[in-house]
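Residues per chain are reported as follows:
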Amino acid sequence: MPREILLARDGDLATVTLNNPERLNALNLAMWKRLGEVMRKLDADRTLRCVVVRGAGVEAFAAGADISEFEKARNNSKVARKYGEQLEKTMGAIGGCRHPIVAMIHGACVGGGMEIVSQCDLRICGASSRFGIPIAKLGLVVGYVEMQGLIGLVGRAAAMEILLEGRILNAAEAKEMGLVNRVVPDDKVEEEAMAAARRIAAGAPLVARWHKQFARRLAQVRPVGKTERNEAYACYDTADFREGVAAFLSKRKPEFKGK
């Protein structure tokens with residue numbers, strides 16, 4: 001099956017599927033771009049009441065960005081900035097969608113996958129789901145927009161624990177941190193996520209949209225300037241970034257030098 005973003009409609013519910021199961025639904029640049037396009041399309045559809053986002057299959061929601069394309073798509077700060085700008089647009093399209101979004105989480109939800117669910121309104125996962133952003137092992141940073149979503153979800157202290165330690169968290173730890181709203185048996189994830197979506201759709205749609213709008217406004221802080229935003233791409237010019245990607249692709253432990 002091609003790597004793509006699938007969209008299905010069932011009445012006033014829409015389901016968006018991250019479809020790259022051979023790589024645990026990791027997103028390449030084209031998929032990030034398409035995901036943003038799909039979310040903007042759904043945002044403009046006033047007949048919708050709820051959106052469900054999921055990964056293809058039950059092995060993973062998403063294993064983040066497709067690292068195999070980093071050597072071309074993020075190999076220095078200049079090209080990484082273009083990649084990051086696209087990712088930021090997509091995160092903005094998810095977080096800015098007027099309709100409530102339910103994340104249906106099977107299996108692994110790491111890196112960019114966790115950043116996606118941080119922009120959703122409800123997160124329902126299975127008991128064996130795993131979470132984390134082990135980005136420190138790659139020698140690159142989470143940009144301001146992605147970090148804003150994470151901090152908005154779990155707070156600064158928990159976000160720092162996730163980013164600095166780079167641990168993979170089990171479902172119980174994720175629930176305790178506030179990463180997910182509900183943990184259910186693995187074979188009940190789809191049932192419970194769709195039931196939640198139907199409960200949302202049964203409510204007054206304008207009220208749901210206003211509540212999302214109010215919550216976004218209350219979370220606003222001073223905008224990050226262009227110079228600060230560009231600093232998020234400096235890591236792509238470092239030797240540690242090149243070592244992190246090379247170690248990942250060759251399945252060995254990275255040896256960082258702080259250069």
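Look up a bit, the structure's there.
A brief look at the structure comes next. This is a predicted model, so every value here is computed, not measured.

Here is what the cut-offs are and how they apply
- Chains are numbered independently. Their residues run from 1 in the order of the written sequence.
- Given that this is a predicted model, residues contribute local features only at a pLDDT of at least 70 and side-chain atom pairs are listed and counted only at 80 or more, while totals for whole chains, interfaces and linings are drawn from all residues.
- To obtain the side-chain values, all non-hydrogen atoms of the structure were included, while hydrogens and water were left out.
- Here, axes are lines fitted to C-alpha atoms. For helices the fit covers the stretch in contact, and angles between N-to-C directions go from 0 to 180 degrees.
- Strands here mean DSSP runs of E at least two residues long; helices mean DSSP runs of H or I at least four residues long; both are numbered from the N terminus.
- For classification, angles of less than 35 degrees are called roughly parallel, those exceeding 145 degrees roughly antiparallel, those between 65 and 115 degrees roughly perpendicular, and all remaining angles oblique.
- We call a crossing left-handed when the near helix sits turned anticlockwise from the far one by less than a right angle, and right-handed when that turn is clockwise.
- In this analysis, two residues are considered to be in contact whenever any of their non-hydrogen atoms come within 4.5 Å of each other.
- Each residue's exposure class comes from its accessible area (1.4 Å probe, protein chains only) as a fraction of the maximum for that residue type: buried when under 20%, exposed when over 50%, partly exposed otherwise.
- For two strands to count as paired, DSSP must find a minimum of two bridges between them.
- Throughout, the protein atoms alone are placed on a 1 Å grid, and a set of points is a cavity if a 1.4 Å probe fits but cannot get out or a pocket if it is open with protein on both sides within 12 Å along at least five of seven lines; lining residues have an atom within 4 Å of a point.
- Grid points are joined across faces, edges and corners, and a volume is the space filled by probe spheres set on the points.
- The classification used treats Ala, Val, Leu, Ile, Met, Phe, Trp, Tyr, Cys and Pro as nonpolar, Asp, Glu, Lys and Arg as charged, and all other residues, Gly among them, as polar.

We now examine the packing of helix H1 (residues 29–43) against helix H3 (residues 77–95). Running from amino to carboxyl end, H1 crosses H3 at an angle of 30 degrees, the nearest separation of the two axes being 8 Å. The orientation of H1 relative to H3 falls into the category roughly parallel. The handedness of the crossing between H1 and H3 comes out as left-handed. Where H1 approaches H3, its residues Leu-29, Trp-32, Lys-33, Leu-35, Gly-36, Met-39 and Arg-40 are matched on the opposing element by Tyr-83, Gln-86, Leu-87, Lys-89, Thr-90, Met-91, Ala-93 and Ile-94.

Residues of helix H11 (residues 239–249) that are buried: Asp-240, Phe-241, Glu-243, Gly-244, Val-245 and Ala-247. Buried residues along H11 sit against helix H2 (70–73).

Turning to the sheet that holds strand E10 (residues 182–184), a few remarks are in order. One open sheet holds the six strands; their spatial order is E1-E2-E3-E5-E7-E10, and the pairing between them is mixed. Each edge of the sheet is formed by a strand with only one pairing partner; in this case those strands are strand E1 (4–10) and E10. Shown here is a sheet whose adjacent strand axes are inclined to one another by a mean of 20 degrees, direction ignored. Judged from the four bridges that link them, strand E3 (residues 50–55) and strand E5 (residues 101–105) form a sheet pairing that is parallel.

Taken in spatial order, the four strands make up an open sheet running E4-E6-E8-E9, and their pairing is mixed. Edge positions in the sheet fall to strand E4 (60–62) and strand E9 (169–170), since each has one partner strand and no second. Pairing of E4 with strand E6 (residues 108–110), which is carried by two bridges, proceeds in the parallel orientation. Paired with Ala-62 across the strands is Cys-109, a residue of E6.

Within this model, the largest pocket holds a volume of roughly 1100 Å³. Along the walls of the largest pocket sit 33 residues, with Gln-119, Gln-148, Gly-149, Arg-216 and Ala-219 positioned nearest its centre. Elements that contribute at least two residues to the lining of the largest pocket include exactly H3, strand E7 (122–126), helix H5 (144–154) and helix H9 (205–218). Residue contributions to the lining of the largest pocket peak at eight residues, all from H5. For the second largest pocket, the calculated volume is near 830 Å³. Every residue lining the second largest pocket is counted, 33 residues in all, and those nearest its centre are Ala-63, Ile-67, Val-110, Pro-134 and Phe-248. Those elements giving two or more residues to the lining of the second largest pocket turn out to be E6, helix H4 (112–118) and H11.

Once that is clear, we can look at empty space enclosed by the protein. Rolled over the atoms, a probe sized like a water molecule indicates the empty space that remains. Under the criterion given, the structure shown has one cavity of 30 Å³ or more. Volume-wise, the largest cavity comes out at about 90 Å³. What lines the largest cavity is Arg-74, Ala-80, Gly-84, Leu-87, Glu-88, Val-141, Gly-143, Glu-146, Ala-232, Tyr-233 and Tyr-236. Element by element, the count of residues in the lining of the largest cavity is highest for H3, at four residues. Residues that form the lining of the largest cavity fall into these classes: six nonpolar, two polar and three charged.

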